[in-house]
Structures are given as structure tokens and as C-alpha cells.
Amino acid sequence: MNTVTPPERAATVRARVPVTLDRAAGRTAELVTFHDLPDAQEHLACVLPHAPHTVPLVRLHSECLTGDVFGSARCDCGPQLDEALAAMADQGGVLLYLRQEGRGIGLFNKLDTYVLQDQDIDTFAANRIIGRGEDERDYLAAAAMLRTLGLTRIRLLTNNPDKVTQLRDLGIRVDAVLPTSVHLTEHNARYLAAKADSGHTLTLLEEASA
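It should be emphasised that the depicted structure is a prediction, and the values quoted were computed from it without experimental measurement.

### Focus: the pairing of strand E6 (residues 153–157)
In the sheet, strand E4 (residues 57–62) pairs with E6 via 2 bridges, with the strands oriented parallel. Paired with Val 58 across the bridge in E6 is Leu 156. Where E6 lies against strand E7 (residues 173–178), 5 bridges are found, and the strand directions are parallel. Bridge pairing links Ile 154 to Val 174 in E7. The parallel pair E6 and E7, bridged by helix H7 (residues 161–169), forms a crossover whose chirality is right-handed.

### What about helix H6 (residues 140–148)?
Within H6, 7 of the 9 residues are buried, leaving the element largely enclosed by the surrounding structure. Lining the buried residues of H6 we find strand E2 (27–35), strand E3 (44–48), E4, strand E5 (93–98), E6 and H7. Positive backbone phi, at 80 degrees, marks Gly 150, one or two positions downstream of H6.

### Some thoughts on the side chain of Glu 63
Within the fold, Glu 63 resides in the loop between E4 and helix H1 (65–69). A distance of 3.0 Å separates the side chain of Glu 63 from the side chain of Arg 99, its partner in a polar contact. Beyond its immediate chain neighbours, meaning those up to four positions away, Glu 63 contacts Asp 68, Tyr 97, Leu 98, Arg 99, Gln 100, Glu 101 and Gly 102.

### Here we look at the layout of surface pockets
Here the idea is plain: a probe the size of a water molecule rolls over the atoms and shows the empty space left. The space that makes up the largest pocket amounts to roughly 310 Å³. Lining the largest pocket are 13 residues; nearest its centre among them are Leu 21, Leu 44, Leu 81, Leu 85 and Tyr 97. Those elements giving two or more residues to the lining of the largest pocket turn out to be E3, H1, helix H2 (77–91) and E5. Partitioning the lining of the largest pocket into residue classes produces 9 nonpolar, no polar and 4 charged.

### Brief notes about the packing of aromatic side chains
Counted under the stated rule, the structure contains 0 aromatic pairs. The ring of Tyr 114 is capped by Arg 74, whose NZ or CZ atom sits 4.2 Å from the centre of that ring.

### A few points about unusual backbone geometry
One non-glycine residue with positive phi stands out, namely Ala 25, at about 60 degrees. Ala 25 sits in the exposed class, given a relative accessible area of 67%. The residue Arg 103 is not glycine, and still its phi comes out positive at about 55 degrees. Residue position: Arg 103 is located in helix H3 (residues 101–104).

### Description of the nonpolar core
With 27 residues, the main nonpolar core has Ala 45, Leu 60, Leu 96, Ile 154 and Leu 167 as its most contacted residues. Only E2, E3, E4, E5, H6, E6 and H7 provide two or more residues apiece to this core. If you tally residues by element for this core, the top one is H6, at 6 residues. Here Leu 167 is in contact with Leu 60, Tyr 139, Ala 143, Leu 146, Ile 154, Leu 156, Ile 172 and Val 174, once residues within four sequence places are set aside. Ranked by size, the runner-up nonpolar core spans 14 residues in total, among them Leu 21, Leu 48, Leu 95 and Tyr 97.

### Observations concerning the confidence of the model for the protein chain
For the protein chain, the mean per-residue pLDDT works out to 86, and 82% of the residues sit at or above 70. The secondary structure element of the protein chain with the lowest average pLDDT is helix H9 (residues 205–208), at 43, and the one with the highest is E5, at 98. Note on residues 204–210: pLDDT is under 50 here. Beyond four places in sequence and across chains, it has 7 contacts.

### Considering the environment of Leu 146
Its place among the elements puts Leu 146 in helix H6. Classification of Leu 146 as buried rests on a relative accessible area of 0%.

### As for the environment of Gln 166
Within the element layout of this structure, Gln 166 appears in helix H7. C-alpha of Gln 166 to C-alpha of Leu 140: the two residues are 26 residues apart in sequence and 7.9 Å apart in space.

Conventions used here
Residues numbered from 1 in each chain as written. Predicted model: local features only at pLDDT ≥ 70, side-chain atom pairs only at ≥ 80, totals over all residues. Heavy atoms only, no water. Pairing = 2+ DSSP bridges. Helix = DSSP H or I, 4+ residues; strand = E, 2+ residues; numbered from the N terminus. Right-handed = clockwise from strand over helix to strand, strands pointing away. Buried < 20%, exposed > 50% of the residue type's maximum accessible area, 1.4 Å probe, protein only. Contact = heavy atoms within 4.5 Å. Polar contact = N/O pair within 3.5 Å; in protein donor to acceptor, adjacent residues only side chain to side chain. 1 Å grid on protein atoms, 1.4 Å probe; cavity = no way out; pocket = protein on both sides within 12 Å on 5 of 7 lines; lining within 4 Å. Points joined across faces, edges and corners; volume = space filled by probe spheres on them. Nonpolar A, V, L, I, M, F, W, Y, C, P; charged D, E, K, R; others polar. Phe/Tyr/Trp six-rings, centres within 6.5 Å; stacked < 30°, edge-to-face > 60°. Lys NZ or Arg CZ within 6 Å of the ring centre and 35° of its normal. Core = buried A, V, L, I, M, F, W, Y, C linked by side-chain atoms within 4.5 Å. pLDDT = per-residue confidence, 0-100.

Listed below in C-alpha cells is the structure:
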């Protein structure tokens, strides 16, 4: 688990751009960019209006070019992105698209670990073998984005308890944790099993494939 401390300087909104999203049932969302995020990365917030006086649904989604764009079956990232946008099309919410490819190790390094995974090495061990951490992500920028958007109380769509812990440590009140579905295929079964072994709330994988 990563330990993070709040930055001294608050982030601010750089731009708000309305975009119609096919993956959110044709609803128009605001894409929001920021100045002064603590890691200086180009993270993005996708905001779909939610009902006033309700606690918004939030998803922290780490960028996955292979899964989100190309539809790789080796992970569950693309289906999780679609699931989150579908939920927000129905009830509104905020999806933070975080530039943390491969659990923070980058695209090329992630593809290097795929070579090791083809030798029956799990995704976390593969990260260690190439000299990187099992999970190098922190959610300091995510907390700054939420705070800049005026969101300090949320419902979080995740199976990853580290996201919950880090956000709470950073002053974001997580009222509810809503698990994503188990997007199990023959190609990602070992990957999901490794995530479950690492503490993600992915249970009864056998039932999901029934």
C-alpha cells in the first residue's frame, strides 16, 4: 500500500469541454482538465450530471491502452470502463481517467510483463521481475481532482481496497463501496485470480463463468 500526503498547492480547473459519449448511452459529459495536479500528469475527469443532494458515484479508472482502446481480453479494464460509463449514464457520476498505465509502470513495461505472464508468471510477480513495484499507483492526484470538483463525499465503484484506504486517508469520505462485476474470460482468468489473491474483492470466479 502506498503512503501519500496532501500537496501544499491546490489544483484548479483548466478547461471544461462538453462531449457526447456513445459509451455512455449518448449522454453529454463534461471532460475536465486541471492545473497543478501533484504529479503533473494529464489526468482527466469525465463528469455526468447527478441528481442534486445525492452522493455521486465515482470510478477511479487507471488508463489501459490495450484494454480500453484495443479491447484486449487479457485484462478486465475495458469492460470495467464500459460498466462504469453505463452506470453513470443512468445515474450520473464522475469517472477519473488516470494516466497510470500498468499499475503505474508504463505501457512498454506492461507489455514486457506480458512476455513473462506467457511463462505462467502472475501479473504482480512479473512487475517485480522487471524491477518495478507490484502496484506503483497512488491516488493523490485523484483526491485533488475530486476536491477541485467540490466532491469530498462519494460512492466509489471499485474492487480495490487500496483505492478506498488512500482516498479516505486523503480526506475523501467514501460513504459506500460498490463492486464492479467480474468480467471473466478464458483469457483473463489467471489475471483475475492474481488480483483476487492480492486482496481485490473478486469472489466466486467459478460462479461468474457459469
